[in-house]
Every structure is written in C-alpha cells, then in structure tokens.
Amino acid sequence: MLLSAVVMVFFVKATLFVVAQNNTILDALLNNGASTLHDIITNNPNHKSLVEYMTQPDASYTFFAPSDNAIQEAGLKNSQDNDYSDRFRYYIISNERLSQDEIHKEHRLRNSSFVPKQGKNHHTPLLIGTSPDGIWSYGEKGKIIQGDVQASNGVVHIIDHVLPVPGSAEHVLQAIPQTRDYANKLNSLNMSLQLFTHATVFAPTNDAIKRINELKQDLPTMALVLNHLVIDKSFDATSIKYSDKVVDNHGFGFNISHNAGTNSSINGIPVLMADQIFDDGLIHVTDGIVLRGGLDQPKADLPQPDTSNAMK
C-alpha cells in the first residue's frame with residue numbers, strides 16, 4: 001500500500017517524531033489551541049510575506065504562538081485592516097528547533113527577525129528572556145502551556161500571553177513603572193537615546209531620580225550625568241555576571257562587583273532588574289545613579305555629581 005503523504009522523521013531530545021511534510025508551523029496552529037492566530041495570519045492579504053516565511057519547507061523554526069485566549073485578551077482582531085506581520089514574526093526564532101526543555105535552560109533567545117524602526121527594517125537583537133517559570137519581554141511574562149508541537153519546518157510552543165514587541169528605549173522606559181521618572185527626565189532635557197545603537201542603558205529608578213533632583217544641579221551637568229548612563233555596546237546580564245568591568249567602544253566603562261546571592265552592582269549601584277529589551281539594546285534597572293569616573297572609580301552611592309574631566 002502506497003502512502004499519499006510524505007513524512008519526515010527526526011529526533012528531539014532522543015524522542016522520535018513523525019510529521020507530515022506539508023504540516024508547517026503555520027498548519028500546526030490548528031487543533032493545538034492557536035487557531036485564531038492561524039486565521040488572522042492566513043485571512044489577511046497583508047500577511048502574504050509572513051505566510052510565505054512561515055511555510056518555507058527547508059526552514060527550521062521555533063515559534064512561540066499566543067493561544068486563542070491570549071489573542072482575545074490582547075484585543076487582536078481578524079481584520080484585513082490590521083497588519084500584525086512584524087508583531088508575529090517577532091515570535092519566530094530562525095535556524096533553530098528548540099525543545100521546551102532546551103528553552104528553559106537558556107537565559108534568553110536570539111531572534112533574527114526584523115521590526116520597523118524609523119521607516120527601515122531594524123534587527124531585534126533579542127527575542128525573549130526565558131526561565132523555568134516563564135518567558136518574557138519587557139514588563140510582560142507568559143508561560144508555555146503546550147510545548148513541543150512538531151511541524152515539518154520547526155516546532156511550535158503555545159504561550160498564554162501576547163508579549164509586546166520591544167519599542168524604542170524611551171518607550172520601554174515609560175512602560176516599566178520603576179523607570180518612568182527617568183524617561184520623563186530625559187524628555188524634559190530634550191535628550192534622546194535613539195542615537196545609540198546596540199546600547200546598554202543603566203536606568204535609575206524613580207526614587208533615584210528623586211534623589212538626584214534634590215541636588216538641584218544645573219541642566220548641563222544633569223544632562224551629562226544622565227548621558228553617561230548609556231554605553232554604546234550591548235552587555236546582557238550573563239556577560240555582566242562573569243565580568244569585572246564593562247567598557248564601551250570608546251574605552252569608557254564601569255567596574256562590576258558581585259555579591260553571593262544578590263545581583264551584580266555597577267560602580268557600587270545594585271542592578272534591580274536586568275535585561276529589559278528595547279529595539280536596539282538592553283536596559284538594566286539600577287537602584288541609584290551610576291556615575292562614570294573611570295574603571296578605578298570607587299563605590300558611588302550618589303555623591304554630588306562630578307563635573308571634572310573624570311566624567312567623560
């Protein structure tokens with residue numbers, strides 16, 4: 001008896017899977033709790049390029065698919081007026097077929113998709129953070145509720161939350177409740193972080209901004225202090241954890257200290273929340289203003305801001 005369907009056989013974590021060759025990651029959404037997402041993508045001509053991308057037969061993808069309930073709670077509608085292509089492509093990791101066990105052993109997952117920025121395609125350096133209790137973007141967390149749904153060109157993991165696509169640094173700082181005062185302070189000084197690429201931002205909390213406001217510094221000094229919170233090179237929490245300093249492309253940087261059982265400290269200022277993703281780098285929320293004074297600068301608890309040549 002001849003089989004009419006061609007099948008593919010492969011192994012993931014020593015488990016044998018047999019998948020019909022035409023059962024792509026897009027097809028796998030049906031009957032696995034993500035049919036709403038399937039319909040939104042396939043029913044809208046605006047998503048034609050996304051459909052072609054998701055059905056490439058020789059690809060190997062890992063796709064985090066929001067469930068029917070997640071789509072409904074997020075208010076995403078199946079309308080031809082809505083183009084969610086960039087948003088849904090954000091959930092796809094190219095060139096890797098990652099099992100649920102493998103995902104939970106990672107600290108973060110890299111994404112090779114693109115999202116728009118100022119009218120141009122722009123690379124998103126990181127997709128999501130991962131941990132045993134969930135996956136996350138900035139300020140949002142979700143869980144895999146059905147993992148390891150195998151397809152011919154990848155694997156699908158159904159998640160219970162629609163994660164936000166990282167926006168600009170200013171947008172993410174406003175979206176994180178602890179850093180809104182920092183975002184507002186940048187705006188009041190007409191400062192923008194969009195000129196930095198692949199950057200690391202050490203973002204002070206609202207309380208830290210309140211403390212520095214009490215110093216009543218002149219505007220140029222305040223702008224200089226806040227500008228030095230940004231390094232034009234991306235350092236994630238893992239690289240910081242195993243380093244004793246971070247240095248940018250110009251040779252400036254900060255000392256790092258590590259205490260057992262606590263987060264790292266940057267020039268003596270503790271990192272409260274690491275790896276908040278924006279569209280061109282990472283934000284680490286800090287419990288104070290990290291002052292730049294060279295790699296040999298001692299612990300800085302927020303003294304009077306230094307306007308000497310050390311702050312360059």
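Residues numbered from 1 in each chain as written. Predicted model: local features only at pLDDT ≥ 70, side-chain atom pairs only at ≥ 80, totals over all residues. Heavy atoms only, no water.

(A) Representation of the overall build of the chain. When helices and strands are counted, the chain shows 10 helices and 19 strands. The 312 residues of the chain split such that 48% are buried. Of the contacts formed within the chain by residues at least 6 apart in sequence, a portion of 66% connects residues at least 24 apart. Just so you have it, the chain exposes about 15200 Å², and 49% of that area is on carbon and sulfur atoms. (Helix = DSSP H or I, 4+ residues; strand = E, 2+ residues; numbered from the N terminus. Buried < 20%, exposed > 50% of the residue type's maximum accessible area, 1.4 Å probe, protein only. Contact = heavy atoms within 4.5 Å. Areas by Shrake-Rupley, 256 points an atom, 1.4 Å probe, with all protein chains shown as cover.)

(B) Region of interest: the pairing of strand E18 (residues 269–278). Bridge count for strand E17 (residues 265–266) against E18 is two bridges, and the pairing is antiparallel. Each bridged residue has a counterpart across the sheet, and for Ser 265 the counterpart in E18 is Pro 270. Bridge count for E18 against strand E19 (residues 281–286) is five bridges, and the pairing is antiparallel. Within E19, the residue paired with Phe 278 across the bridge is Gly 281. The turn joining E18 and E19, which pair antiparallel and follow one another in sequence, is formed by two residues. (Pairing = 2+ DSSP bridges.)

(C) Molecular detail of the nonpolar core. Counting residues in hydrophobic clusters, the biggest one holds 39 residues, and the most contacted among them are Tyr 182 and Leu 226. The element contributing the most residues to this core is strand E13 (residues 199–204), with four residues. In this view, Leu 226 contacts Tyr 182, Lys 185, Leu 186, Leu 189, Met 191 and Ile 209; residues no more than four positions away in its chain are not counted. (Core = buried A, V, L, I, M, F, W, Y, C linked by side-chain atoms within 4.5 Å.)

(D) Quick look at the sheet that holds strand E16 (residues 253–257). What the seven strands build is an open sheet, ordered E14-E13-E19-E18-E17-E16-E15; its pairing is mixed. The open sheet is flanked by strand E14 (230–231) and strand E15 (245–247), the only strands paired with a single partner.

(E) Here's a closer look at the sheet that holds strand E12 (residues 154–159). The strand order across the open sheet built from four strands is E4-E3-E12-E11, with neighbouring strands paired in mixed fashion. Either end of the sheet is taken by a strand with one partner, and the two such strands are strand E4 (92–93) and strand E11 (144–151). Of the strand pairs in this sheet, E11 and E12 are connected by five bridges, and their pairing is antiparallel. Residue pairing in the sheet places Gln 150 in a bridge with Val 155 of E12.

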